[in-house]
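Residue-level structural notes
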Amino acid sequence: MGCGSATPQKIIINDQLGQRVDTNDEWIQSRTGIGERRIIGESESLVDLATDAALNAVKMANWDVNTIDLIILATSTPEDLFGSAPKIQSNLEASGAVAFDLTAACSGFLFALVTASQYLASGSMKRAVVIGADQLSKWVDWDDRTTCVLFGDGAGAVAIETTGAQNDLIGYDLKTDGKRGGCLNLSQSNVFLDLVEEAKYQKGEFLPIKMEGKEVYKFAVKEVPIILGKLLDKYQIDSESIDWLLLHQANQRILDAVASRFSIPSRKVLSNLKHYGNTSAATIPLMLDEAVRDQRIKSGDLIACSGFGAGLSWGAALFYWHGPY
Ligand code: ACO
């Protein structure tokens, strides 16, 4: 029924990263398609961005906030490890809603969308706001050129409801494989400090993002076409009927590789990597919001969506967009 997004003010262009690590615009653009990214600054916060994204979605849907039943925040970078979603609920003044965080890295938004749709399909809830928001800038090693050039911060959201009419979520599939999880981590440090005599406690802290880029690349270009292909077969949808390919924005080469597997022309492949880089759980709703507001995506369009990332986790969904415009 609505979508929204919010991004930090501060833009860091590729050449600026060259002040910090041995990299340049040509390398980053040609390998990834990324031209710049936005980074949360001192006067901003992830919760504020997520709140703004959610509010924009709720406004587009024309909902009274008191009618929201559920808020799911997909994030791997909460401000509070106990959960940041209730703070967003309070900011929205959506006092009737239950709000919780969900973590599935870059697949998080898709996992949260499917989770919310289960509450709606069961009839126990009617209206949900699903947010994808991440601040990977705080967990990137800014001296590691192999990862720091890829990521940015941002937030996006959708407002979904049951109408009793046609189900716009045609189908979905979600997968994880923890055995392959070691190629992309934001893991805890294993530092133990003395507590009392003969007892230690584990200090709570995390290490910067660690990624084997080539492995993640191979995983994405293999698994995304498989999961999406199976979904299209299951629902007997020809790839020519897809209006938009909406993939997690990790690397333009991944988008192009997946599109070519389904012979989807580049005009149907949504990409805003150039401006935001990989904003993790935020990429899909951020891209959706941009393309809805500039009226590329029109009501009734069929969207093939796939997210993938750490876990390893991946998923796909086929849905119609039925917003107000
Ligand atoms: N600037 C300049 N040179 C660089 C940079 C940089 N920023 N980074 C690496 N290089 C160098 C390397 O050191 C290497 O040099 P060498 O040949 O002298 O050793 C050379 O460039 C090639 O490096 P590769 O790692 O082989 O580059 P590749 O073509 O594989 O591209 C990339 C790397 C862009 C990371 C790619 O592997 C990729 O996109 N992988 C997928 C990453 C991804 O999608 N991650 C997000 C998943 S979502 C989530 O859950 C967070």
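Let us look at the structure shown here. Just so it is clear, the model here is predicted, and its values are computed rather than measured. (Residues numbered from 1 in each chain as written. Predicted model: local features only at pLDDT ≥ 70, side-chain atom pairs only at ≥ 80, totals over all residues. Heavy atoms only, no water.)

1. A look at the overall build of the chain
Counting its regular elements, the chain contains 10 helices and 15 strands. C-alpha atoms of the chain, sized along the principal axes, occupy 60 × 45 × 40 Å. Taking all 325 residues of the chain together, the buried fraction comes to 54%. Excluding contacts between residues fewer than 6 apart, the proportion of contacts in the chain whose partners are at least 24 apart in sequence is 74%. On the chain, roughly 14800 Å² of surface is accessible, and the fraction owed to carbon and sulfur atoms is 49%. (Helix = DSSP H or I, 4+ residues; strand = E, 2+ residues; numbered from the N terminus. Buried < 20%, exposed > 50% of the residue type's maximum accessible area, 1.4 Å probe, protein only. Contact = heavy atoms within 4.5 Å. Areas by Shrake-Rupley, 256 points an atom, 1.4 Å probe, with all protein chains shown as cover.)

2. Some thoughts on the sheet that holds strand β1 (residues 2-6)
Strand order in this open sheet of five strands is β1-β7-β6-β4-β5, and the pairing throughout is mixed. Among the strands making up the open sheet, the edge pair consists of β1 and β5 (98-102). The sheet shows a mean angle of 15 degrees between the axes of neighbouring strands, taken without regard to direction. Two strands pair when backbone bridges link them, and strand β6 (residues 127-135) and strand β7 (residues 153-161) are joined in this way by nine bridges, in the antiparallel orientation. Paired with Ile 131 across the bridge in β7 is Ala 157. Of the strands in this sheet, β4 (70-74), β5, β6 and β7 are in contact with helix α5 (residues 108-122), which crosses β6 at around 165 degrees. (Pairing = 2+ DSSP bridges. Axes fitted to C-alpha atoms, helices over the stretch in contact; angles between N-to-C directions.)

3. Side note on the pattern of salt bridges
By the definition in use, this model includes 12 salt bridges. With a shortest N-O distance of 4.0 Å, Asp 173 and Lys 175 are connected by a salt bridge. The class of Lys 175 is partly exposed, set by a relative accessible area of 36%. Arg 296 serves as the salt-bridge partner of Asp 294, at 2.8 Å between the closest nitrogen and oxygen. Within this structure, Asp 177, Arg 180 and Glu 223 form a network of salt bridges that share partners. (Salt bridge = Lys/Arg side-chain N within 4 Å of Asp/Glu carboxyl O.)

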